[in-house]
Amino acid sequence: PDAHPCLSCNSYMEEEGNSPRVVLTGYQKRMAQVVTWKMELLERKYGVDRLMVIHLTPREAWNHTQWAKGFKSLLSNCMSKTYSDYLLVMERGSKRGRLHGHLVVACAKDVRTGYDFAARASAKSRGPQARWRTGANPALRAEMKRWDCGSWDKDKQRWTGKGKHLAYGFGYTRVEPVVSGQRFAYYLGGYVAKNLANRAPGDESRRLVRSSKGLNNFTVHFQFLNAWTHLYRQRLASFCALNEVKD
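Values in this document were obtained by computation on a predicted structure and should not be read as measured data.

### Points about the overall build of the protein
- For the protein, the helix and strand inventory stands at 6 helices and 7 strands.
- Secondary structure elements in the protein, listed N-terminal to C-terminal, are α-β-α-β-β-α-α-β-β-β-α-β-α.
- In the protein, of all internal contacts separated by at least 6 residues, the share reaching a separation of at least 24 is 71%.
- Accessible area of the protein: about 14,700 Å², with a carbon and sulfur share of 51%.

Now the structure itself:
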């Protein structure tokens, strides 16, 4: 149970103190759970060593339609021949309100062995400008080169990297391996809830989750087995009995 998203609200996120408590609808709870299942399936199919996270941000403040168009071009022209499967979870930032994506891909080689997760955590606590040694193996370094955004050129107003994603309207990008598939599944499911606290007008009924065909064997048409759904069934049975509803 600890490896799955909270079934009622978004208060389980790491930034709990800064995020408003948002009560989820039944559909939103199930969608968060589906994201968790998709991530767990990725780990079972490829192993955690081949999974890589890509934090993808567009150069401009895109809306959902622009995001879908840009990602579709990136997917068909750059990603489809390189990665076996992918899972994308959208999030609207709480500070600037800009849409960005958390993308998990299945790489052809091990990109996790040698990576210094402790140094990464220490650098993160020191701030965005902190320097540290990644310990990345050759496969991960090749991926870092593939998604290199370089630095921001204030004069030319563009990123100076050689990453192919820059040609499709994307800007700052960071790649790193997955610490634990189960933990990251929990984390990704949380983004579905966190996004609800920062929704902008027009965000309703927009897709927050995209995935490859190999991960499309899940549906939101299910019901959780918990005390609340058990009580619902008992009340429904009582209602049917009182009104002589047999079908």
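### With respect to the nonpolar core
- In terms of nonpolar packing, the biggest core is built from 49 residues, with Met 39, Met 52, Trp 67, Met 79, Val 105 and Trp 147 touching the most fellow members.
- Elements that contribute at least two residues to this core include exactly helix 1 (26–46), strand 1 (51–58), helix 2 (64–79), strand 2 (86–92), strand 3 (99–106), helix 4 (138–146), strand 6 (170–177) and helix 5 (181–197).
- Among the elements that make up this core, the one with the highest residue count is helix 1 (8 residues).
- Each residue touching Met 79, except ones within four places of it in the same chain, is listed here: Phe 71, Leu 74, Tyr 86, Leu 103, Val 105 and Trp 147.

### Quick notes on the pattern of salt bridges
- Counted by the stated rule, this structure contains 5 salt bridges.
- Here Asp 49 ties to Arg 112 by a salt bridge, and the two come within 3.7 Å at their closest N and O atoms. With Asp 49 in the loop between helix 1 and strand 1 and Arg 112 in the loop between strand 3 and helix 3 (117–126), this residue pair connects regions lying 63 residues apart in the sequence.
- For Asp 49, a relative accessible area of 32% gives the class partly exposed.

Scoring rules and cut-offs
- Think of each chain on its own: its residues are numbered from 1, step by step along the sequence as written.
- Note on the predicted model: pLDDT of at least 70 is required for a residue's local features to be given, and 80 or more for side-chain atom pairs to be given and counted; whole-chain, interface and lining totals, by contrast, use all residues.
- Side-chain metrics in this entry use all non-hydrogen atoms of the structure; hydrogen atoms and water are not considered.
- Elements are defined by DSSP. Helices are runs of H or I of four residues or more, strands are runs of E of two residues or more, and each kind is numbered from the N terminus.
- A contact between two residues is defined here by any heavy atoms of the two lying within 4.5 Å.
- For the accessible areas, the method is Shrake-Rupley and the probe is 1.4 Å, while residue cover comes only from the protein chains on display.
- Buried residues of nine kinds, namely Ala, Val, Leu, Ile, Met, Phe, Trp, Tyr and Cys, make up a nonpolar core once their side-chain atoms join them within 4.5 Å.
- For each residue, the accessible area found with a 1.4 Å probe, counting protein chains only, is set against the maximum for its type, and the residue is called buried under 20%, exposed over 50%, and partly exposed in between.
- The salt bridge criterion pairs a side-chain nitrogen of Lys or Arg with a carboxyl oxygen of Asp or Glu, the two atoms within 4 Å.

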